[in-house]
Amino acid sequence: MLTKRIIPCLDIKNGRTVKGVNFIDLKDAGDPVELAKKYAETGADELVFLDISATEERRKTLIDLVRKVAETINIPFTVGGGISSVEDVEILLKNGADKVSINSSAVKNPQLINDLAFAFGSQCIVVAIDAKQIDGIWKVHLVGGKVATEIDLFDWAIEVETRGAGEILFTSMDNDGTKNGFANEALVKLSEIVNIPIIASGGAGNMQHFVDAFIYGKADAALAASVFHFQEIEIPVLKQELRKKKIEIRI
């Protein structure tokens, strides 16, 4: 079994880390540089930085902040928000990102996935998919969950793998911020239909939820925000619990 990964997520708005419920009601969660440093020092396997308003505000990711975070940490660093070209990715990689996450721009221009994978390698390209159930069918949503599409989650997952994505970051909008657990039924279906790693996002509330995402959801990594930002779960304690449950994890 491949080692599972624990990934804190910094959702950034106006230079601060924020966290909401179901993608709304955002609350301040602290300084991103300080949080990043803490996570790197306490055993996070990777860090994700999402400039959540970049697409909506039609601007590029906060490069200076990306650089400051990258200088503070020594773990793989994924950056997303407002990325729509090869040039955007070049700038982020030069400023310390190891991988990039694309979402709305990939749906609007699927060829972007091919272009980025060709230019930088699939291992560098994470496609984030935000989806919620509409009449029982998982539908992809864009612009931080504000714009619904008719695109089926599972069809899109297959397409992004075919186009060269190296990983999928799946966020269940229904579960996001609820602390009721990850969307394990959707996760396990994703893991069955694609051969690239699936990062589970949306719904972490306690340590058992991580156990369930790995065992029942077959996720390769689990991403969370508020439970880490507000010290409800400490990463070293979580990893010990996962190890006790026979889940391969880097301690």
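It should be noted that the structure appears before, not after, this text.
Residues numbered from 1 in each chain as written. Predicted model: local features only at pLDDT ≥ 70, side-chain atom pairs only at ≥ 80, totals over all residues. Heavy atoms only, no water.

With that out of the way, let us pick up the pattern of salt bridges. Counting across every chain of the model gives twelve salt bridges. Notably, a salt bridge pairs R250 with D45, separated by 3.1 Å at the nearest N-O pair. Separated by 205 residues along the polypeptide, R250 in the segment after α10 (235-244) and D45 in the loop between α1 (32-41) and β4 (47-51) bring together distant segments of the chain. The residue K99 makes a salt bridge to E167 at a minimum N-O spacing of 2.7 Å. Of this pair, K99 sits in strand β6 (residues 99-102) while E167 sits in strand β10 (residues 167-172); the two residues are 68 residues apart in sequence, bridging distant segments of the chain. For the pair shown, K99 and E167 are each scored as buried. Among the charged side chains, a salt-bridge network with shared partners connects R5, E46, K99 and E167. (Salt bridge = Lys/Arg side-chain N within 4 Å of Asp/Glu carboxyl O. Helix = DSSP H or I, 4+ residues; strand = E, 2+ residues; numbered from the N terminus. Buried < 20%, exposed > 50% of the residue type's maximum accessible area, 1.4 Å probe, protein only.)

In β6, alternate side chains face the same way, and those of K99 and S101 on one face and V100 and I102 on the other are all buried. Here three bridges tie strand β5 (residues 77-80) to β6, and the two strands are oriented parallel to one another. Each residue of the ladder has a partner; that of G80, found in β6, is S101. Running through helix α3 (residues 86-94), the crossover from β5 to the neighbouring parallel element β6 is right-handed. (Pairing = 2+ DSSP bridges. Right-handed = clockwise from strand over helix to strand, strands pointing away.)

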